[in-house]
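Understanding the architecture of this molecule
Spelled out, the chains give:
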Amino acid sequence: MAECIFCMVASGEIPANVVYEDDMVVAFDDIAPQGPVHTLIIPRTHYAHLGDDVPDELLGRLLAVVPKVAESKGIAGSGYRVIINTGKDASQTVHHLHVHVIGGKPMSHGMVNFADA
Ligand code: AMP
Ligand code: ZN
């Protein structure tokens, strides 16, 4: 999709530190990492979010790649958190489906930060 920043990453128009890629997905480091490891996994095809009629096979691939990324980043043993922000209330800012893989140091147990908390 024209004007979509992650479509441009997938096509190579915008540079990124790519850590994994295959025929369906690309994984690259987040430009503003929220931890020692913060990698995004995106489909090559544009889907706005998780509810955008994403094919099951692609959903499977997006998650299947998570442990591969974790392995290559050296956090497979120490653990990591996987986040998919979806829509307004989740503060999704880039409207091309993406999976966050975050790790590299211990996180608190809570995983929800409401804006009015
Ligand atoms: P979200 O809030 O779930 O939509 O997350 C979007 C993420 O994309 C944020 O963590 C941004 O730092 C990240 N991001 C935005 N532009 C780029 C880019 N060009 N390369 C890598 N990460 C990016
Ligand atoms: Zn896109």
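Below, the structure is looked at part by part.

What counts as what
- Residues numbered from 1 in each chain as written.
- Chains lettered and ligands numbered in written order.
- Predicted model: local features only at pLDDT ≥ 70, side-chain atom pairs only at ≥ 80, totals over all residues.
- Heavy atoms only, no water.
- Near = heavy atom within 4 Å.
- Polar contact = N/O pair within 3.5 Å; in protein donor to acceptor, adjacent residues only side chain to side chain.
- Areas by Shrake-Rupley, 256 points an atom, 1.4 Å probe, with all protein chains shown as cover.
- 1 Å grid on protein atoms, 1.4 Å probe; cavity = no way out; pocket = protein on both sides within 12 Å on 5 of 7 lines; lining within 4 Å.
- Sits in = over half its atoms within 2 Å of the grid points.
- Nonpolar A, V, L, I, M, F, W, Y, C, P; charged D, E, K, R; others polar.
- Helix = DSSP H or I, 4+ residues; strand = E, 2+ residues; numbered from the N terminus.
- Contact = heavy atoms within 4.5 Å.
- Pairing = 2+ DSSP bridges.
- Axes fitted to C-alpha atoms, helices over the stretch in contact; angles between N-to-C directions.
- Patch = residues over 30% accessible without salt bridge, like charges linked within 9 Å, V, L, I, M, F, W, Y side chains within 5 Å.
- Salt bridge = Lys/Arg side-chain N within 4 Å of Asp/Glu carboxyl O.
- Buried < 20%, exposed > 50% of the residue type's maximum accessible area, 1.4 Å probe, protein only.
- Core = buried A, V, L, I, M, F, W, Y, C linked by side-chain atoms within 4.5 Å.

This part is about the site of ligand 1. Close to ligand 1 lie 14 residues; D30, N85, T93, H98 and H100 are nearest. I31 places a polar main-chain atom, nitrogen or oxygen, 3.1 Å from a nitrogen atom of ligand 1. At a separation of 2.7 Å, an oxygen atom of ligand 1 approaches a polar backbone atom of T93. A total of 510 Å² of accessible area belongs to ligand 1 in isolation, and the protein chains cover 86% of it. In this structure, ligand 1 is accommodated by the largest pocket. Class assignment of the residues belonging to the shell around ligand 1 gives a composition of six nonpolar, six polar and two charged.

Turning our eyes to something else, we now look at the side chain of H38. With respect to the secondary-structure elements, H38 resides in strand β3 (residues 37-43). A polar contact is formed between the side chain of H38 and the side chain of H100, at a distance of 2.8 Å. Contact partners of H38, with chain neighbours within four places excluded, come to D29, D30, A32, P33, H100, V101 and I102.

This brings us to the sheet that holds strand β5 (residues 99-103). Across the sheet, five strands lie side by side as β1-β2-β3-β5-β4; this open sheet has antiparallel pairing. The sheet terminates laterally at β1 (18-21) and β4 (80-83), the two strands that pair on one side only. Taken over all neighbouring pairs, the strand axes of this sheet differ in orientation by 20 degrees on average, direction set aside. Across four bridges, the pairing between β4 and β5 is antiparallel. Along β5, the bridge assignment pairs Y80 with G103. Against the sheet, helix α2 (residues 56-73) makes contact with β1, β2 (25-29), β3, β4 and β5, and its axis sits at roughly 155 degrees relative to β3, the strand it touches most.

Next up on the list: a nonpolar patch on the surface. A contiguous nonpolar surface patch, about 240 Å² in accessible area, is contributed by L63, Y80 and V82. With respect to the element layout, V82 can be found in strand β4. Look at V82 and you get partly exposed, because its relative accessible area is 36%.

In this section: the nonpolar core. Note on soluble globular proteins: their nonpolar side chains tend to be buried together. Counting residues in each nonpolar core, the largest one holds 17 residues, and the members touching the most others are V25, I41, L58 and L62. Contributions of two or more residues to this core are made by β2, β3, α2 and β5. In terms of residue count, the dominant contributor to this core is α2 (six residues). In this structure L62 touches V25, I41, I42, P43, L97 and V99, once residues within four positions along its chain are discounted. Core analysis: the next-biggest nonpolar cluster, separate from the first, contains 10 residues, F6, C7, I42 and V94 among them.

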